[in-house]
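If you want the building blocks of each chain, they are given just below.
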Amino acid sequence: MREIQFRQALGEAMSEEMRRDENVFLMGEEVAQYNGAYKVSQGMLKEFGEKRVIDTPIAELGFAGISVGAAMHGLRPIVEFMTFNFSLVAIDQLINSAAKIMSMSGGQFHCPILFRGPTGSAGQLSSQHSQSFESWFANCPGLKVVVPSNPMDAKGLLKSAIRAEDPVIFMESEQMYGEKGMVPDGEYLIPIGSADVVREGTDVTVVSYGKIIKVAHAAAIELAKDGISLEIIDLRTVRPIDYETVIKSVKKTNRVVMLEEAWPLANILTEVAFKVQREAFDYLDAQIIRVNQADVPLPYAPTLIEASLPNVGRLISAVKEVMYK
């Protein structure tokens, strides 16, 4: 095991897969000459050359469409969006082409593309650059959606995503690129669709994913001082969702709080909450509570950002509510 940054874990995963398979290539804005907007692709142009690490114009619809055609003809594109907010310009290619081409062609064409880039809030970037669209993409059959929360998962899941035969949406966080974590030496893969119990507990299950899971860990430390034990589940993949791990945990703790950096309506953990009440209703000793971003575009002012996003205080209050304390 060794400690590396989140961005290094992503870069290693891409480089290892490009060495393993000559059909894998990277394209996006500033991925080559500038070494990536967030330095994720640092050194890759020098190693793989300009035919496999390609700077694109500011034209997401165009290079997303190129990637679909390339994938249909046997290549394996990695498409970097400078932020997933910009993917909205290309959403027709993601939803109406990449996600559906295998079904519409009767299995004649597969579309092994990886679309990756940052999601969610990132400092004071205001409303157009601070949005969580995981549920938008996860709602579409034909796509897989991955949202890692640490460097080890990022590397293992990214390698699996690059090897997948279906298009994968891989959503990161600008605020995590510089964070460090332990990563295994050598080759390893983490299967898409497998959740992780990152903290075992006995009193309340907290289900989350992505960078906001740090709030769950911080709350768990504070709640432990009051004798409340949290079990924290990191979904890691939001399509497909590992419901089995969640249900097993709820049957043990009998209480659950959903923690998600997304607007309240029709988000990922709303669906998980439905599944819990469907399959573990008799085990619940309290109502299911959600802790989400406020139902407003994310503000610019730091005080309003703090009030809008899920935080430790709000999660602690939710946990104590299901504990009737």
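The notes below deal with the structure included here. (Residues numbered from 1 in each chain as written. Predicted model: local features only at pLDDT ≥ 70, side-chain atom pairs only at ≥ 80, totals over all residues. Heavy atoms only, no water.)

Scanning the protein for helices and strands turns up 12 helices and 14 strands. Over its C-alpha atoms, taken along the principal directions, the protein stretches across nearly 60 × 45 × 40 Å. Out of the 325 residues in the protein, the part that is buried amounts to 55%. Contacts spanning at least 24 positions in sequence make up 81% of the contacts within the protein whose residues lie at least 6 apart. Across the protein, the centroid of the 32 positively charged side chains sits 2 Å from that of the 41 negatively charged ones. (Helix = DSSP H or I, 4+ residues; strand = E, 2+ residues; numbered from the N terminus. Buried < 20%, exposed > 50% of the residue type's maximum accessible area, 1.4 Å probe, protein only. Contact = heavy atoms within 4.5 Å. Lys, Arg positive; Asp, Glu negative; His and termini not counted. Charge placed at Lys NZ, Arg CZ, Asp CG, Glu CD.)

Glancing now at the nonpolar core. One finds Phe 115, Phe 137, Ile 169, Leu 235 and Val 276 to be the most contacted residues of the largest nonpolar core, which totals 47 residues. Here Ile 169 is in contact with Phe 84, Leu 94, Phe 115, Phe 137, Leu 143, Lys 144, Val 145 and Val 146, once residues within four sequence places are set aside. Ranked by size, the runner-up nonpolar core spans 35 residues in total, among them Val 31, Met 82, Val 146 and Ala 161. (Core = buried A, V, L, I, M, F, W, Y, C linked by side-chain atoms within 4.5 Å.)

Time to look at the packing of aromatic side chains. Summed over all chains, the structure comprises 7 aromatic pairs. Residues Phe 6 and Tyr 177 carry aromatic rings whose centres are separated by 6.2 Å and whose planes lie at 65° to one another, so their mutual orientation is edge-to-face. Residue Phe 6 is located in helix 1 (residues 6–20), and its partner Tyr 177 is located in the loop between strand 7 (168–172) and strand 8 (180–183); the two are separated by 171 residues in the primary sequence. Comparing Phe 6 with Tyr 177 shows no difference in burial state: the two are buried. A centroid spacing of 5.0 Å and a plane angle of 25° characterise the contact between Tyr 38 and Tyr 177, whose relative ring orientation is stacked. Of the two residues, Tyr 38 sits in the loop between strand 2 (24–28) and helix 2 (44–48) while Tyr 177 sits in the loop between strand 7 and strand 8, which places them 139 residues apart along the sequence. Pair check on accessibility: Tyr 38 and Tyr 177 agree, each one buried. (Phe/Tyr/Trp six-rings, centres within 6.5 Å; stacked < 30°, edge-to-face > 60°.)

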